[in-house]
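Fold and contact review
Below, each chain spelled out in residue letters.
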Amino acid sequence: MAILQTPHAHEIPPSPTPGRRSGWRLALLSVLLSVSITFNIYFLFTAPPSDTPNHPFVMLWLLSFIPYLAACVIVLVMKPQVGWRRWVELGLIVVGALTLRAILLPVLPDLSRDSWRYLWDARVTLHGYSPYTLAPGDPLYASLRDFIYDNSRFRSVPTIYPPGAQAIYLLSYLIAPSNLFVLKGIFVGFDVITCVVLAVLLQRKGLDMSRCIIYAWCPLPIIEFAIQGHLDALTITFTVLAILCASASWRGSRIVTGFLIAMATLTKLYPIILLVVIVRRRDWALLTTCFVTIILAYTPYLILGHGQVLGFFSAYANEQTPNAGLTQFIIVWIEHQFLLDKAIGSIIIYILDAILAVTVSFAVLRLRWQERISMDAATFIVFGMVFAASSHIFPWYAAAFLPWIAIQIGPLGIQWGGFKKLRTIRWSSFRRLRIHWSGFKKLRTIRWSSFRRSRIQWSGLYNLNTGSLATLVMWYFTCGTVTAYFNDWNTYYQRIYGITLLGLSVAIIIGIMQNKYTLNSERREQSNAFRVKWVVGGIFRFIPGRRGKTG
């Protein structure tokens, strides 16, 4: 289970004295932040209106990942700051995160119009109706229609957003009715809280707090939450808070943890899977708090909607779309290749999704109870399982991976210097190669045994940190989902899904090899220990006066 275990080798506490390059690190981050701010200022004035060609905007958005990735590499590679410099750098990261988001708040959504629907749901609820029963296009709502309705989409179906998200919509609407700027400002506030809580979580794990830059400065959540105004900012905040609280030991922490899991579930439904990560044996306080909170939140809408609280969710979850998860993607591809009936394909998808969910959940729960995997690694895995089985993976969904990437990423363990030690095979060997046409029996210099004795061996792969490799692949997937806005699905699947599947497969195979190598090493050690014990025992057995005494 090497790939499932949390890598702790990179959890190195800061040295007591600052490194020589600590000042350079802060200066470089400041320069890169200035470059990112320049990009966002340009976005502020050039973001295209809705329903217009957006390819130039998306291309520039992709370019804005360059300073972000450079800043992340600096934080991950250079020595952590110590003393007052550590807090100055953390302040730069958090203030930079707030600045990057605040610049874009005035920009109206141009790639997605979901945030307009949030305001419509709040208006419908405040007028005494349930957004889960009737679609915005229903004649009953004719008197409520204005520019919010005009800018909304999916006007022929009820809402899918759970009650926790509806509560935030209502709060925004009560502060400033029909004001999208205020609603996005609330999302940005939650997003900055996520950056701070992530820094605290990193500190508790003995990691550099500045790693929160992986989430804080990432252009993906910045654009999706500050411009597009997606509610996933709420889900990520409650999820990170739940993991932080679950690791605490103060009185009442389990109750608060259950409440936070419930709140995350009440914004997007999938965080309920966190129970297999966090729950302990006989953890009744957490379970009771979680489910009571969920039931209480749904009760008003049960009354308003006469029992209807799912809205469009059932149909939404059963759709077959181009941006589906890996399970549906693979089965739909098989359908087209073998001309299978769509109904049969849907049944297969349901079965595979159920098997995947049960298998991964049971494995994670068992590993957690055996304390063989950390909560953050387990969260990373179960969220990956959820998205693999999802019928939709929009770019803003993938932002949920970023906090766990910040914790899990570490050195890959590849040492290029190892190739310098290669002595068996040299170029001079080929010059002295004794090849005679009279027969290859005289070939002395190169033998198959030479390759077996070469310093390049499969055992070199056992230094590879497969957990970090899988994390790096998921980081690529998270950032690469932005290209979905080009709507070139064949290219998208090849460059994003294909490379992600290949990278994860390599990590899993190497992880299996590492486990096999470890088991074989342990068996050899046990066998050698038995031989030593047998030899030593034999010596003592034949010592004169003990056994075999000659007279």
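Quick look at the structure, then. Sequence positions are assigned chain by chain, starting from 1 and proceeding in written order. Local features in this predicted model are restricted to residues whose pLDDT is 70 or higher, and side-chain atom pairs enter the listing and the counts only when it is 80 or higher, whereas totals over whole chains, interfaces and linings include all residues. For side-chain calculations, the full set of non-hydrogen atoms in the structure is used, while hydrogens and water are omitted.

**Section: the overall build of the chain**
The line we're drawing: Only DSSP runs of H or I with at least four residues qualify as helices, and only runs of E with at least two residues qualify as strands; both kinds are numbered from the N terminus onward. For every residue, the accessible area (1.4 Å probe, protein chains only) is compared with the maximum for its type, and the residue is labelled buried under 20%, exposed over 50%, or partly exposed between those bounds. Contacts: residue pairs with any heavy atoms within 4.5 Å of one another. A 1.4 Å probe and the Shrake-Rupley method give the accessible areas. Residues count as covered only by the protein chains that appear here.
Broken down by element type, the chain carries 24 helices and zero strands. In the chain, buried positions account for 49% of the 551 residues. Intrachain contacts of the chain at a sequence separation of at least 6 include 78% that bridge at least 24 residues. Put simply, the chain shows about 28400 Å² of open surface, and 66% of that area lies on carbon and sulfur atoms.

**Looking at the pattern of salt bridges**
To keep things clear, this is the line we draw: Just to be clear on terms, a salt bridge is a Lys or Arg side-chain nitrogen sitting within 4 Å of an Asp or Glu carboxyl oxygen.
This structure, assessed with the given rule, holds eight salt bridges. Notably, a salt bridge pairs Asp-121 with Arg-117, separated by 3.4 Å at the nearest N-O pair. With Asp-121 and Arg-117 both in helix α5 (residues 114-126) and four residues apart, the pair spans about one turn of that helix. A relative accessible area of 1% places Asp-121 in the buried class. When the shortest N-O distance is used, the salt bridge between Arg-123 and Asp-146 registers 2.7 Å. A residue pair is termed long-range when its members are at least 10 positions apart, and Arg-123 in helix α5 and Asp-146 in the loop between α5 and α6 (147-151) qualify at 23 residues. Given the relative accessible area of 7%, Arg-123 is considered buried. Judged by its relative accessible area of 24%, Asp-146 is partly exposed. Members of the salt-bridge network, linked through shared partners, are Arg-25, Glu-89 and Asp-208.

**Some thoughts on unusual backbone geometry**
Despite not being glycine, Ser-178 shows a phi value in the positive range, around 60°. By the secondary structure assignment, Ser-178 is in the loop between α7 (163-175) and α8 (180-204). Look at Arg-282: it is not a glycine, yet its phi comes out positive at around 55°. Considering the arrangement of structural elements, one finds Arg-282 in the loop between α13 (275-278) and α14 (284-304). Exposure remark for Arg-282: the relative accessible area of 66% places this residue in the exposed category.

**Re a nonpolar patch on the surface**
Filter applied, for reference: Exposure above 30% relative accessible area and no salt bridge define the residues that can form patches, which grow by joining like charges within 9 Å and nonpolar side chains of Val, Leu, Ile, Met, Phe, Trp and Tyr within 5 Å.
There is a patch of nonpolar side chains on the surface, built from Phe-338, Leu-340, Ile-344, Ile-347, Ile-348, Ile-351, Leu-352 and Ile-355 and spanning about 720 Å² of accessible area. When residues in the nonpolar patch are grouped by element, the largest group, six residues, is from helix α17 (residues 342-369). Within the secondary structure, Ile-348 sits in helix α17.

**Thoughts on helix α4 (residues 84-104)**
Selection rule: A helix's residues, less one, multiplied by 1.5 Å, set its expected span.
Given a rise of 1.5 Å per residue, 21 residues ought to cover 30 Å, and the 31 Å separating the end C-alpha atoms of α4 matches this to within 8%. The complete set of buried residues in α4 reads Glu-89, Leu-90, Leu-92, Ile-93, Val-94, Gly-96, Ala-97, Leu-100, Arg-101, Ile-103 and Leu-104.

**Section: the nonpolar core**
Worth spelling out the cut-off: Throughout, nonpolar core names a set of buried Ala, Val, Leu, Ile, Met, Phe, Trp, Tyr and Cys residues whose side chains join them through atoms within 4.5 Å.
Among the nonpolar cores identified, the biggest contains 144 residues, and Trp-61, Tyr-68, Ile-214, Trp-217 and Ile-278 are the most heavily contacted of them. Top contributing element to this core by residue count: α8, with 13 residues. With sequence-adjacent residues up to four places away left out, Ile-214 is seen in contact with Tyr-68, Cys-72, Leu-76, Leu-402, Ile-405, Ala-406, Ile-409 and Trp-475.

**As for empty space enclosed by the protein**
As a reminder of what qualifies: Residues are said to line a cavity or pocket when one of their atoms sits within 4 Å of a point; the points come from a 1 Å grid over protein atoms alone, cavities being sets where a 1.4 Å probe fits but cannot get out and pockets being open sets with protein on both sides within 12 Å along at least five of seven lines. Grid points are joined across faces, edges and corners, and a volume is the space filled by probe spheres set on the points.
In total, this model carries three cavities of 30 Å³ or more according to the counting rule given. Roughly 70 Å³ of internal volume is contained in the largest cavity. Lining the largest cavity are Ser-36, Asn-40, Phe-43, Trp-61, Ser-64, Tyr-68, Leu-100, Trp-217, Pro-219, Ile-222 and Ile-223. When residues of the lining of the largest cavity are traced back to their parent elements, those giving at least two are α1 (22-46) and α10 (219-227).

**Describing the packing of aromatic side chains**
Quick note on the threshold: Any Phe, Tyr or Trp ring, taking Trp's six-membered ring, that has another such ring centre within 6.5 Å forms a pair; planes under 30 degrees apart are called stacked, those over 60 apart edge-to-face, and the others tilted. Only lysine NZ and arginine CZ atoms are considered, and such an atom sits over a ring when it is within 6 Å of the ring centre and within 35 degrees of the ring normal.
Inspection of the entire model under this criterion finds 27 aromatic pairs. Each ring, one from Trp-116 and one from Phe-147, has its centre 6.0 Å from the other, and the planes form 85°; the classification is edge-to-face. Of the two residues, Trp-116 sits in helix α5 while Phe-147 sits in helix α6, which places them 31 residues apart along the sequence. Its relative accessible area of 7% is what places Trp-116 among the buried residues. Residues Trp-120 and Tyr-141 carry aromatic rings whose centres are separated by 5.9 Å and whose planes lie at 80° to one another, so their mutual orientation is edge-to-face. On the criterion of sequence distance, the pair formed by Trp-120 in helix α5 and Tyr-141 in the loop between α5 and α6 is long-range, its members being 21 residues apart. The same class applies to Trp-120 and to Tyr-141, which are both buried. These aromatic residues form a ring-pair network of at least three members: Tyr-270, Phe-380, Phe-383, Phe-387, Phe-394, Trp-396, Tyr-397 and Phe-401. Over the ring of Tyr-149 we find Arg-155, and its NZ or CZ is 5.1 Å from the ring centre. Cation over ring: Lys-268 sits above Tyr-397, and NZ or CZ is 4.1 Å from the ring centre.

**Focus: α10**
For an α-helix, the turn length of 3.6 residues means that residues three or four places apart are oriented alike. With nine of nine residues buried, α10 is to be regarded as a mostly interior element. Buried residues of α10: Pro-219, Leu-220, Pro-221, Ile-222, Ile-223, Glu-224, Phe-225, Ala-226 and Ile-227, and no others. Within two residues after α10, Gly-229 carries a phi angle of roughly 70°, on the positive side.

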